[in-house]
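The residues making up each chain are set out below.
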Amino acid sequence: MSRNAILIGPDSESGQWVSDIAHRAGVTYHILTKTRRGDRDVEVSLPSIDAARSRTPIIVDDIVSSGGTMIETLGHLRRLGVPPAVCIVIHPVFAQDAYAQLLAAGAKRVVSTDSIPHPSNAISIASLLAEASAELFGNAPSRQRS
């Protein structure tokens, strides 16, 4: 990840993982405030634009279904004069035409994990699932089926 990047969390819920990713990558981050009035009726605002103006924004969200929050975030950043954002999606549900709408809203690129098969998949979660399974099940003997 470029040191010129700034991670953007679209809402307070995203703060926990966006801050962790930012610390691991050594980049700054900001968490937007969000008001949701419906599935596709969302308003967001960036607390401080100064830190984001000359950086590449990377929006990170856990689940994108309708895309409303990310689409509003893209529009908000565009209106503030921030460069086009890369969108990272952990669980890409992409209901109806949400993926196409993200691209139409000005996303520079949309990257997702492979938790749901989609053309945007670029981050494998297989090793994470294997590690979690090994930790959960430990060295327990496999069960024999009768």
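The structure this text deals with has already been given above.
Predicted model, so just to flag it, every value in this text is computed and none were measured.

## What about the environment of tryptophan 17?
Link 1 in the chain: When you line up the elements, tryptophan 17 lands in helix α1 (residues 15-25).
Link 2 in the chain: Along the chain, tryptophan 17 and aspartate 61 lie 44 residues apart, while their C-alpha atoms are 8.9 Å from each other.
Link 3 in the chain: The residues touching tryptophan 17, leaving out its near neighbours within four places in the chain, are Val60, Asp61 and Asp62.

## What about the sheet that holds strand β6 (residues 86-92)?
Link 1 in the chain: The sheet built from 6 strands is open, its strands ordered β2-β1-β5-β6-β7-β8 with parallel pairing. Two strands bound the open sheet, and with one partner strand each, they are β2 (28-31) and β8 (121-123). For this sheet, the mean angle separating the axes of adjacent strands, direction not counted, is 35 degrees.
Link 2 in the chain: Examined bridge by bridge, β6 and strand β7 (residues 109-113) share 4 bridges and lie parallel to one another. Paired with valine 89 across the strands is serine 112, a residue of β7.
Link 3 in the chain: Seen against the sheet, α1 touches β1 (5-9), β2 and β5 (56-64) and runs at an angle of roughly 170 degrees to β2.
Link 4 in the chain: Contacts from helix α2 (residues 68-79) reach β1, β5 and β6 within the one sheet, and its direction differs from that of β5 by about 165 degrees.

## Some points on the nonpolar core
Link 1 in the chain: Counting residues in each nonpolar core, the largest one holds 18 residues, and the members touching the most others are Ile59, Met70, Leu74, Cys87, Phe94, Leu102 and Val110.
Link 2 in the chain: Going through the elements one at a time, β1, β5, α2, β6 and α3 (98-104) are the ones with two or more residues in this core.
Link 3 in the chain: Among all residues touching valine 110, those that are not within four sequence positions of it are Cys87, Val89, Phe94, Tyr99, Leu102, Leu103 and Ser120.

## Structural notes on the pairing of β7
Link 1 in the chain: A large share of β7 lies buried, amounting to 4 of its 5 residues.
Link 2 in the chain: For the handedness criterion, the β-α-β arrangement of β6, α3 and β7 is classed as right-handed.
Link 3 in the chain: Note: β7 against β8, 2 bridges, orientation parallel. Residue pairing across strands places threonine 113 opposite isoleucine 123, the latter belonging to β8.

## A word on α1
Link 1 in the chain: Among the residues of α1, those classed as buried are Gly15, Trp17, Val18, Ser19, Ala22 and Ala25.
Link 2 in the chain: Packing partners of the buried residues in α1 comprise β1, β2 and β5.
Link 3 in the chain: At the exit of α1 stands glycine 26, carrying a positive phi of roughly 70 degrees.

## Topic: the environment of serine 12
Link 1 in the chain: Its place among the elements puts serine 12 in the loop between β1 and α1.
Link 2 in the chain: The class for serine 12 is exposed, based on a relative accessible area of 66%.
Link 3 in the chain: Through-space distance from the C-alpha of serine 12 to that of isoleucine 31 is 6.4 Å; in sequence the pair is 19 residues apart.
Link 4 in the chain: Those residues within four positions of serine 12 in sequence are excluded, and the remaining contacts are Ile31 and Leu32.

## So, α2
Link 1 in the chain: If you check α2, its first and last C-alpha atoms are 16 Å apart, about what 12 residues at 1.5 Å a residue would give, namely 16 Å.
Link 2 in the chain: Most of α2 is tucked away, with 9 of its 12 residues classed as buried.
Link 3 in the chain: Of all the positions in α2, only Gly68, Thr69, Met70, Glu72, Thr73, Leu74, Gly75, His76 and Leu77 are classed as buried.

Each value, and the rule that gives it
Throughout, a residue's number is its position along its own chain's written sequence, starting from 1. For a predicted model such as this one, the threshold for reporting local features is a pLDDT of at least 70, and the threshold for listing and counting side-chain atom pairs is 80 or more; totals across whole chains, interfaces and linings nevertheless cover every residue. Working from all heavy atoms in the structure, the side-chain values ignore hydrogens and water. Counting from the N terminus, the helices are DSSP H or I runs at least four residues long and the strands are E runs at least two residues long. Two residues qualify as a contact provided that any one of their heavy atoms is within 4.5 Å of a heavy atom in the partner residue. Any two strands are treated as partners once DSSP identifies two or more bridges connecting them. Note on geometry: axes are lines fitted to C-alpha atoms, helical ones only across the stretch in contact, with angles between N-to-C directions running from 0 to 180 degrees. Residues grouped as a nonpolar core are buried Ala, Val, Leu, Ile, Met, Phe, Trp, Tyr and Cys residues, joined through side-chain atoms within 4.5 Å. Only protein chains enter the accessibility calculation, which uses a 1.4 Å probe; a residue whose area is less than 20% of its type maximum is buried, one above 50% is exposed, and one in between is partly exposed. Place the viewer so that the strands point away; then a crossover is right-handed whenever the path from the first strand over the helix to the second strand goes clockwise. Each helix should span, by expectation, one fewer than its residue count multiplied by 1.5 Å.

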